[in-house]
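A look at the structure
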Amino acid sequence: MAVTALPAHKISVTDYVSGIAAGDRAMLARAITLVESSNPEHGRLAQKVLQELLPRTGKAVRLGITGVPGVGKSTTIDQLGMNLISEGHLVAVLAIDPTSKRSGGSILGDKTRMNELAQQKNAFIRPSPSSGTLGGVTRRTRETMALVEAAGFDVVIVETVGVGQSEVAVADMVDFFLVLLLAGGGDDLQGIKKGIIELADMIAINKADGDNIKRAQSAAADYKNALQIFTPHGATWFPPVLTVSGRDNRGLKELWEKVLEHRKTMSETGEFTKRRQMQAVSWMRDMLEDRLMSALKANPDVGAELPKIEASVREGTLLPTLAVDKVMAMMGL
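This write-up is about the structure you can find in this document. (Residues numbered from 1 in each chain as written. Predicted model: local features only at pLDDT ≥ 70, side-chain atom pairs only at ≥ 80, totals over all residues. Heavy atoms only, no water.)

**What about the overall build of the chain?**
What counts, and what does not: The helix count covers DSSP runs of H or I at least four residues long, the strand count covers runs of E at least two residues long, and both are numbered beginning at the N terminus. Remark: exposure states derive from per-residue accessible area (1.4 Å probe, protein chains only) relative to the maximum for the residue type, with buried under 20%, exposed over 50%, and partly exposed in between. Here, residues are in contact when the closest pair of their heavy atoms is within 4.5 Å. For every accessible area listed, the method is Shrake-Rupley and the probe measures 1.4 Å; residues are considered covered only by the protein chains on display.
For the chain, the helix and strand inventory stands at 14 helices and seven strands. Counting across all 333 residues of the chain, residues that qualify as buried make up 47%. A fraction of 75% describes how many contacts in the chain between residues 6 or more apart in sequence connect residues 24 or more apart. As displayed, the chain offers around 16800 Å² of accessible surface, 55% of which is attributable to carbon and sulfur atoms.

Listed below in structure tokens is the structure:
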């Protein structure tokens, strides 16, 4: 029986590590499933695998792409990925799907929207549910990123669900954060949150094709002017604004050149290394918060009293801050 036919938690750490290092797609997919599992046993095994693979990670270009629904993220990534593969790159796309807080279900439809890229042997597309929490995005995406890097993918693209809190989390785990926007939607400068703009390493006005080219160019000029009032989040890089067409493969070559220029500039000044180091510490802190919440929920004393405490808060008889103090005291903190 092939190793990859075994249940994910029955495969040894050695087999996971050797399989992923050799580029075994089935083993990589199983390791990602292990990372996404909420089973504590799976989590412990996943951490052992990641620790062993750590020396093989960190070399890829990490590109985050966000934008409002309908901006053309998947089409742009599909074409950009094809361009990169033609240049000899191995491209992994991690597409974060929104998860319903009511049903727990997610669409996971990104593979169907990246038709060409999904058929390439040098591409790996993994749609992952966000599990309805920012922490879920942060932990699973960071660990999945490490796994695909260890498997040899030298470009990792993280596509986010839209514009919101998860985008801020993704900006904190990639080297370059690209914001895609549309022109001709009314007041373009109101089309996206200021906080996201301030995080952007570049803005690209998408769908600059056909009759929309002039509107895209006008929107790009507006954003260039608007960026003048924002404080750059880097000392040596000011976010450029481009017009692109994912559909027509227009401007994507220039887009990628900017990504590489940014990496070169940041590496020369030492900001690239500093950014990666800060991201590693941020990952640790996010994991710590995740573990603390898990420990809290698993505590029998808290489990017995928490419904009563929540009821008191809901009824307005207990101040939320005092409720937190009570829970912390039960944890001995």
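Let's pick the thread back up.
**Examining the side chain of Thr144**
Within the element layout of this structure, Thr144 appears in helix 7 (residues 134-150). Once you skip the residues sitting within four places of it in the chain, Thr144 turns out to touch Ile32, Val35 and Leu94.

**Quick look at the side chain of Asp209**
By secondary structure assignment, the location of Asp209 is in the loop between strand 6 (202-205) and helix 10 (213-227). Under the relative-accessibility criterion, Asp209 is labelled buried at 12%. Those residues in contact with Asp209 that lie beyond four places of it in its chain are Ser245, Arg247 and Asp248.

**Description of the pattern of salt bridges**
How we decide: Here a salt bridge means any side-chain nitrogen of Lys or Arg lying within 4 Å of a carboxyl oxygen belonging to Asp or Glu.
The tally for this structure, following the rule as stated, stands at 13 salt bridges. Two residues, Arg276 and Asp175, come together in a salt bridge whose shortest N-O distance is 2.7 Å. In this pair, Arg276 is assigned in helix 12 (residues 271-298) and Asp175 in the loop between helix 8 (165-171) and strand 5 (176-181), connecting sequence segments 101 residues apart. Exposure remark for Arg276: the relative accessible area of 13% places this residue in the buried category. Two residues, Glu257 and Lys253, come together in a salt bridge whose shortest N-O distance is 2.7 Å. In this pair, Glu257 and Lys253 are both assigned in helix 11 (residues 252-269), four residues apart and thus about one turn of the helix distant.

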